Amino acid sequence: SKDVQLKYQQPRHLIASGLMAHTRNPNYFGEVFNYLGLAILSTSWFCIPVFMLVWVQIFLPNMLGKEVSLARYEEWEAWYSRTGFLFPYVPSLMSDFCRNALSRLPH
């Protein structure tokens, strides 16, 4: 897991595997859809603008700050080019999916 990698990794480097292989913010991706789902389930149109306001004022600045922090790693440019900011980068996701699916086919 990411926590174990960060705890024992010396020297530290960019984690670009697992969920981090396709999106730079998998935790925020999940939170956005969780809160958006709750806002929709509330059946009140008032919740959607409140959700968007919170997202823009809290989540977005945190994600941008994280990007600035991670840019110090030498692997940043390559990782940045093949991952999505919030949503998984579909070409990379499909490439990994096909590679993994094809490797499991019987010969």
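Predicted model, so just to flag it, every value in this text is computed and none were measured.

Trainee: It is not clear to me how the pattern of salt bridges should be interpreted in this structure. Could you clarify?
Mentor: Should the charged atoms of two oppositely charged side chains come close, the side chains can pair. The final tally for this structure, using the stated rule, is 1 salt bridge. For the salt bridge of E67 with R24, the shortest nitrogen-to-oxygen distance reads 2.5 Å. With E67 in helix α3 (residues 47-70) and R24 in the loop between α1 (2-8) and α2 (26-41), the pair connects residues that are 43 residues apart, well separated along the chain. The buried category is assigned to E67, whose relative accessible area is 14%.

Trainee: Looking at this model, I keep getting lost on the packing of aromatic side chains. Mind explaining?
Mentor: Aromatic ring pairs are described here by two measures, namely the spacing of the ring centres and the angle between the planes. Evaluated as defined, the whole model comprises 7 aromatic pairs. With centroids separated by 5.2 Å and ring planes inclined at 40°, the aromatic side chains of W76 and Y80 adopt a geometry described as tilted. Placement of the pair is W76 and Y80 together in helix α4 (residues 76-82), with a separation of 4 residues, close to one helical turn. Ring pairs connect the aromatic residues Y28, Y35 and F59, which therefore count as one cluster.

Trainee: Please explain the side chain of H22 as it appears in this structure.
Mentor: Within the secondary structure, H22 is located in the loop between α1 and α2. With residues near it in sequence (within four places) discarded, H22 still touches T83, G84, F87, P88, Y89, S92, L93 and D96.

Trainee: Which parts of the structure should I look at to understand a nonpolar patch on the surface?
Mentor: Together, F46, V50, V54 and I58 make up a nonpolar patch on the protein surface, roughly 360 Å² of accessible area in all. As for its placement among the helices and strands, I58 is situated in helix α3. Given a relative accessible area of 43%, I58 falls into the partly exposed group.

Trainee: Explain unusual backbone geometry here, please?
Mentor: The general pattern is negative phi for most residues beyond glycine and trans for most peptide bonds. With a phi angle near 55°, T43 is a residue other than glycine that sits in the positive phi range. Looking at the secondary structure, you find T43 in the loop between α2 and α3. Judged by relative accessible area, which is 71%, T43 ranks as exposed.

What counts and how
Residues numbered from 1 in each chain as written. Predicted model: local features only at pLDDT ≥ 70, side-chain atom pairs only at ≥ 80, totals over all residues. Heavy atoms only, no water. Salt bridge = Lys/Arg side-chain N within 4 Å of Asp/Glu carboxyl O. Helix = DSSP H or I, 4+ residues; strand = E, 2+ residues; numbered from the N terminus. Buried < 20%, exposed > 50% of the residue type's maximum accessible area, 1.4 Å probe, protein only. Phe/Tyr/Trp six-rings, centres within 6.5 Å; stacked < 30°, edge-to-face > 60°. Contact = heavy atoms within 4.5 Å. Patch = residues over 30% accessible without salt bridge, like charges linked within 9 Å, V, L, I, M, F, W, Y side chains within 5 Å. Areas by Shrake-Rupley, 256 points an atom, 1.4 Å probe, with all protein chains shown as cover.

None of the figures reported here should be taken as evidence of function without further support.
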